[in-house]
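Fold and geometry: a report
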Amino acid sequence: MSQPAITLHGIELSGHTHRAELMLRMLGLPFRFSPAPADVRRTEAFLKLNPLGQIPVIEDGDLVLCDSNAILVYLAKRYASESNWLPDEPVAAAQVQRWLSIAAGELRYGPAAARVMALFGAPGDREACHAIGARVLTFMENHLAGREWLAAEHPTIADLACYSYVAHAPEGGIMLEPYPAVGEWLRRVEALPNFKPLPASPIPQVA
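What you see is a predicted model, and the numbers here were worked out from it, not measured in a lab.

The next point concerns unusual backbone geometry. In this structure, the amide linkage connecting isoleucine 55 to the following residue, proline 56, adopts the cis form with an omega of 5°. Structurally, proline 56 can be placed in the loop between α3 (44-49) and β3 (57-60). Of note in this structure, asparagine 194 is not a glycine but carries a positive phi near 70°. Here asparagine 194 is to be found in the segment after α9 (180-190). The exposure class assigned to asparagine 194 is partly exposed, which follows from its relative accessible area of 48%.

Encoded structure:
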């Protein structure tokens, strides 16, 4: 039996890796998962794939591509160009890009950073992360009032980019109960065909 053409390098608890895996699964693309914990990311072989030593990375034939949001864009354009995952219409495309920026900005430095502190003991200012988290979740709550998806009237890669760290914000001590519209949006993402959850943290949620 031939091996899948696509290899995804990452770790299961990484929300960045989870974004890429969700897209692969949404498109029904066969892939091989290659675990890349910290010790692997320091090896010469991995640094040839990504000199920054970061995950996720995909290999698709001769292509090596890093950065979770770039991977989402590539997979949508390469394998689902006629779909709605990444719209061509200018305003919709711009809205998608806005949420990709939020995923790489406020969500990364708010809920994601707080979670990494709790899970892996990373240094940082937990109070500042919680403040960023509250600000972006309040923004998302207001944005999602009366709408189902972040960037369009249908799911896009924006929803996949933002899902993982919002869904697991409680693992970093950022509770979601004050944001019912965000909770409904999370459930809609989870109801998409081929959805696979990000594994829960092995440690208790931070109060």
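The rest of the description comes next.
Moving on: the pattern of salt bridges. Inspection of the entire model under this criterion finds five salt bridges. Here glutamate 44 ties to lysine 48 by a salt bridge, and the two come within 4.0 Å at their closest N and O atoms. Separated by four residues within a single helix, glutamate 44 and lysine 48 lie in helix α3, roughly one turn from each other. When sorted by exposure, glutamate 44 lands in the same class as lysine 48, which is exposed. Connected via shared salt-bridge partners are Glu21, Arg25 and Lys196.

Here is a general trend for soluble globular proteins: nonpolar side chains tend to be buried in one another's company. Ranked by size, the top nonpolar core spans 54 residues in total, and within it Leu75, Leu137, Met140, Ile157, Val166, Val182 and Trp185 carry the most contacts. Broken down by secondary-structure element, the contributors of at least two residues to this core are β1 (6-10), α1 (15-26), α4 (68-79), α5 (90-104), α6 (106-120), α7 (126-144), α8 (157-167) and α9. With eight residues, the single largest contributor to this core is α8. The contact partners of valine 182, leaving out residues within four places of it in the chain, are Leu137, Met140, Glu141, Leu144 and Val166. Counting residues in each nonpolar core, the second largest holds five residues, with Ala36, Phe46, Ile55 and Val57 among its members.

Quick look at the packing of aromatic side chains now. Applying the stated criterion across every chain, the model contains three aromatic pairs. For the pair tyrosine 74 and tyrosine 79, a centre-to-centre distance of 6.4 Å together with 90° between the ring planes defines the contact as edge-to-face. Here arginine 78 stacks its cationic end above the ring of tyrosine 79, 4.6 Å away from the centre of that ring. The cationic tip of arginine 108 hangs over the ring face of tyrosine 109; the distance from NZ or CZ to the ring centre is 4.9 Å.

With that out of the way, let us pick up the environment of tryptophan 99. Inspection of the secondary structure puts tryptophan 99 in helix α5. On the basis of relative accessibility, which here comes to 0%, the residue tryptophan 99 falls in the buried class. Not counting the four nearest positions on each side in its chain, tryptophan 99 is found in contact with Phe139, Met140, His143, Leu150, Ala151, Ala158 and Cys162.

As a further point, take the side chain of histidine 168. As for its position among the elements, histidine 168 is in the loop between α8 and α9. A distance of 2.9 Å separates a polar atom in the side chain of histidine 168 from a polar atom in the side chain of glutamate 171. When sequence neighbours within four positions are dropped, the list of residues in contact with histidine 168 reads Arg115, Leu198, Pro199 and Ala200.

The next point concerns the sheet that holds β1. With respect to topology, four strands assemble into an open sheet ordered β2-β1-β3-β4, the strand pairing being mixed. Since the sheet does not close on itself, it has two edges, and those belong to β2 (31-35) and β4 (63-66), each with one partner. On average, each strand axis in the sheet is inclined to that of its neighbour by 20°, with strand direction left out of account. Here β1 runs beside β2; their pairing, made up of five bridges, is parallel. Paired with glycine 10 across the strands is proline 35, a residue of β2. Against the sheet, α1 contacts β1 and β2, and its axis sits at roughly 155° relative to β1. The strands touched by α4 are β1, β3 and β4; relative to β4, the strand with the most contacts, the crossing angle is about 135°.

Definitions and cut-offs
- Numbering of residues starts from 1 in each chain and follows the order in which that chain's sequence is written.
- With the structure being a predicted model, the display of local features is reserved for residues of pLDDT at least 70 and the display and counting of side-chain atom pairs for 80 or more, all residues being used for whole-chain, interface and lining totals.
- For the side-chain quantities, the full set of heavy atoms in the structure was used; hydrogens and water were omitted.
- Helix and strand assignments follow DSSP, with helices taken as H or I runs no shorter than four residues and strands as E runs no shorter than two, numbered in order from the N terminus.
- Using a 1.4 Å probe on the protein chains alone, a residue whose accessible area is under 20% of its type maximum counts as buried, one over 50% counts as exposed, and one in between counts as partly exposed.
- Salt-bridge detection follows one rule: a side-chain nitrogen of Lys or Arg within 4 Å of a carboxyl oxygen of Asp or Glu.
- Within this scheme, the nonpolar core is defined by two criteria: the residues are buried Ala, Val, Leu, Ile, Met, Phe, Trp, Tyr or Cys, and they are joined through side-chain atoms within 4.5 Å.
- A contact between two residues is defined here by any heavy atoms of the two lying within 4.5 Å.
- For Phe, Tyr and Trp, where Trp contributes only its six-membered ring, two rings pair if their centres lie within 6.5 Å, and the inter-plane angle classes them as stacked under 30 degrees, edge-to-face over 60, or tilted in between.
- Put simply, a charge is over a ring when the Lys NZ or the Arg CZ is close to the ring centre, within 6 Å, and near the line of the ring normal, within 35 degrees.
- Distance and chemistry together define a polar contact, namely a pair of N or O atoms within 3.5 Å, with one atom able to donate a hydrogen and the other to accept it when in protein, and with adjacent residues in sequence counting only for side-chain atoms on both sides.
- Any two strands with at least two DSSP bridges between them are considered paired.
- Structural elements are reduced to axes, namely lines fitted to C-alpha atoms, with helices fitted over the stretch in contact, and the angle between N-to-C directions of any two is expressed from 0 to 180 degrees.

Nothing here speaks to function; it is geometry throughout.
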